[in-house]
Amino acid sequence: MSVEGKKMLIVGGGAGIGAAIGVEAARQGAEIAIADLSTAALRETETAIESIGGIAHTSLVDIGDDASVARMGEWAKGTIGSPDILLVTVIDYPGSFSGLDDMDVNEWRRSFEVNFFGYIRVVEQFLAEMRARGSGTIVLTASTVALLPDPTAAVLLRYKAIKHALFGLSQALAVALKGSGLRSVCFCPSLTATPGTIDNLRSSGLEGVEDILAIAAQPDDVARFFLAELAKDEFLICAHAGYRDLLVEYASNQLDPAPFISQHFPSAA
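Let me sum up the structure you'll find in this document. (Residues numbered from 1 in each chain as written. Predicted model: local features only at pLDDT ≥ 70, side-chain atom pairs only at ≥ 80, totals over all residues. Heavy atoms only, no water.)

Turning our attention to the overall build of the protein chain. When its secondary structure is counted, the protein chain shows twelve helices and seven strands. In terms of C-alpha radius of gyration, the protein chain reaches 18 Å, essentially the compact-globule figure of 18 Å for 269 residues. The C-alpha extent of the protein chain, read off along each of the three principal axes, is 50 × 35 × 35 Å. Long-range pairs, those at least 24 residues apart, make up 73% of the contacts in the protein chain between residues at least 6 apart in sequence. Carbon and sulfur atoms form 54% of the exposed surface of the protein chain, whose accessible area is close to 12000 Å². (Helix = DSSP H or I, 4+ residues; strand = E, 2+ residues; numbered from the N terminus. Rg over C-alpha atoms; globule rule 2.2 N^0.38 Å. Contact = heavy atoms within 4.5 Å. Areas by Shrake-Rupley, 256 points an atom, 1.4 Å probe, with all protein chains shown as cover.)

Here you go:
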């Protein structure tokens, strides 16, 4: 599916991967609506899209808040209608960092409120109209870590749990939407060089972190990859090179993360 002529709503598109996808999709002929928590980020992405002759609409949203998401939904429907492509790519990095000494259930609840339940709030706003129309694509952003383990799990317990939950939600949607004309896609970026990712991981004190950060992809490259893969009409878009073979290797060890990490991240094992 080409994005040319499509109306695309990116929730969390003010910066990072979401912003990069918005700019590249506009370059390829999509009309872009972006919702984000930051006014400055929205303005910057809108300017970038308009500088290449694209069409951009922007709105503030806090996906952890019911009323805010409802207002965003009404804005989007009044601006572009029910989107052809709904991409949710929000992540609150500081709220998703946690280790063995940070198991406070209230902190976990707050993190899931935004990073998981927020996605459901957004989908709820558009699902009925998309089903009535009988077409559209819903893309939820999980992560390569929902498929393959890596050493950052030691400091990202909440993040890993959230991304596994989003992968499961995407997969369940794919089954439930069969025959409806709608498509569910799970987008699993690999480690990407966005400020939130790099800065937070670097300050975590994780052993071998610089070796891990050295393989981080650039947002523009991830955006181009995502849109090329979206055109293939498949469920999973994983930006990690060679992930199919790695999944076979991982499964052959009963999904035990220890041997996989030892093999592929020796400096952190």
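The full count for this structure, using the stated rule, is five aromatic pairs. Note on Phe 187 and Phe 226: the rings are 4.6 Å apart at their centroids and 50° apart in plane angle, and the pair reads as tilted. Taken together, the positions of Phe 187 in strand S6 (residues 182–188) and Phe 226 in helix H10 (residues 219–230) put the pair 39 residues apart, joining distant regions of the chain. Members of the aromatic cluster, each reached through a chain of ring pairs, are Phe 112, Phe 116 and Phe 117. (Phe/Tyr/Trp six-rings, centres within 6.5 Å; stacked < 30°, edge-to-face > 60°.)

Quick look at the sheet that holds strand S2 (residues 31–36) now. One open sheet holds the seven strands; their spatial order is S3-S2-S1-S4-S5-S6-S7, and the pairing between them is parallel. Strands with a single pairing partner mark the edges of an open sheet, and in this sheet they are strand S3 (55–60) and strand S7 (236–238). Strand-to-strand twist across the sheet, computed as the mean angle between neighbouring axes with direction ignored, equals 15°. Sheet analysis places strand S4 (residues 85–88) next to strand S5 (residues 136–141), joined by four bridges and oriented parallel. The residue bridging Ile 85 from the neighbouring strand is Thr 137, located in S5. (Pairing = 2+ DSSP bridges. Axes fitted to C-alpha atoms, helices over the stretch in contact; angles between N-to-C directions.)

Turning next to the pattern of salt bridges. Overall, the coordinates contain eleven salt bridges when judged by the stated rule. The salt bridge involving Arg 27 is made with Glu 24; its shortest N-O contact spans 3.2 Å. Note that Arg 27 and Glu 24 are positioned in helix H1 (residues 16–27) at a spacing of three residues, about one turn of the helix. A residue is classified by how much of its surface remains accessible, and Glu 24, at 11% relative accessible area, is buried. (Salt bridge = Lys/Arg side-chain N within 4 Å of Asp/Glu carboxyl O. Buried < 20%, exposed > 50% of the residue type's maximum accessible area, 1.4 Å probe, protein only.)

With 13 residues, helix H2 (residues 39–51) should cover 18 Å at 1.5 Å per step; its first-to-last C-alpha distance of 18 Å lies within 8% of that length. Of all the residues in H2, the buried ones are Ala 41, Leu 42, Thr 45 and Ile 49. Projected down its long axis, H2 shows its buried positions confined to an angular sector of 100°, all on one face. Across from the buried face of H2, at angles greater than 90 degrees, the exposed residues are Glu 44 and Ser 51. At its buried positions, H2 is contacted by H1, S2 and S3. At the N-terminal boundary of H2, the capping side chain belongs to Ser 38, with an oxygen 3.5 Å from the backbone nitrogen of Ala 40. (Expected span 1.5 Å × (residues − 1). Arc of directions from axis to C-beta. Polar contact = N/O pair within 3.5 Å; in protein donor to acceptor, adjacent residues only side chain to side chain.)

Here we come to the nonpolar core. Counting residues in each nonpolar core, the largest one holds 41 residues, and the members touching the most others are Leu 9, Val 11, Met 72 and Val 122. Top contributing element to this core by residue count: helix H6 (residues 117–133), with five residues. Not counting chain neighbours up to four residues away, the residues in contact with Val 11 comprise Ala 35, Val 61, Ile 63, Met 72, Leu 86, Leu 87, Val 88, Thr 89, Val 90 and Val 122. (Core = buried A, V, L, I, M, F, W, Y, C linked by side-chain atoms within 4.5 Å.)

On to the environment of Thr 58. Position of Thr 58 relative to the elements: it lies in strand S3. We classify Thr 58 as partly exposed; its relative accessible area is 27%. Considered as a pair, Thr 58 and Leu 166 are 108 residues apart in the sequence and their alpha carbons are 25 Å apart. In contact with Thr 58, not counting residues within four places along its chain, are Ile 34, Leu 42, Glu 46 and Trp 75.

Right, let's get into the layout of surface pockets. If a probe the size of a water molecule is rolled over the atoms, the empty space left behind becomes visible. Empty space within the second largest pocket amounts to approximately 210 Å³. Along the wall of the second largest pocket there are 15 residues; nearest its centre are Ala 19, Ala 20, Val 23, Ala 48 and Asp 220. A per-element tally of the lining of the second largest pocket places H1 first, with six residues. Here the lining of the second largest pocket is built from residues that sort into seven nonpolar, three polar and five charged. (1 Å grid on protein atoms, 1.4 Å probe; cavity = no way out; pocket = protein on both sides within 12 Å on 5 of 7 lines; lining within 4 Å. Points joined across faces, edges and corners; volume = space filled by probe spheres on them. Nonpolar A, V, L, I, M, F, W, Y, C, P; charged D, E, K, R; others polar.)

Attention now goes to helix H11 (residues 243–252). Here H11 has its buried residues at Tyr 243, Leu 246 and Tyr 250. Buried residues of H11, viewed axially, fall in a sector of 55°; they line one side. Facing away from the buried side of H11, by more than 90 degrees, are the exposed residues Arg 244, Asp 245 and Val 248. In the core, the buried residues of H11 are packed alongside S7 and helix H12 (257–264). Positive backbone phi, at 55°, marks Gln 254, one or two positions downstream of H11.

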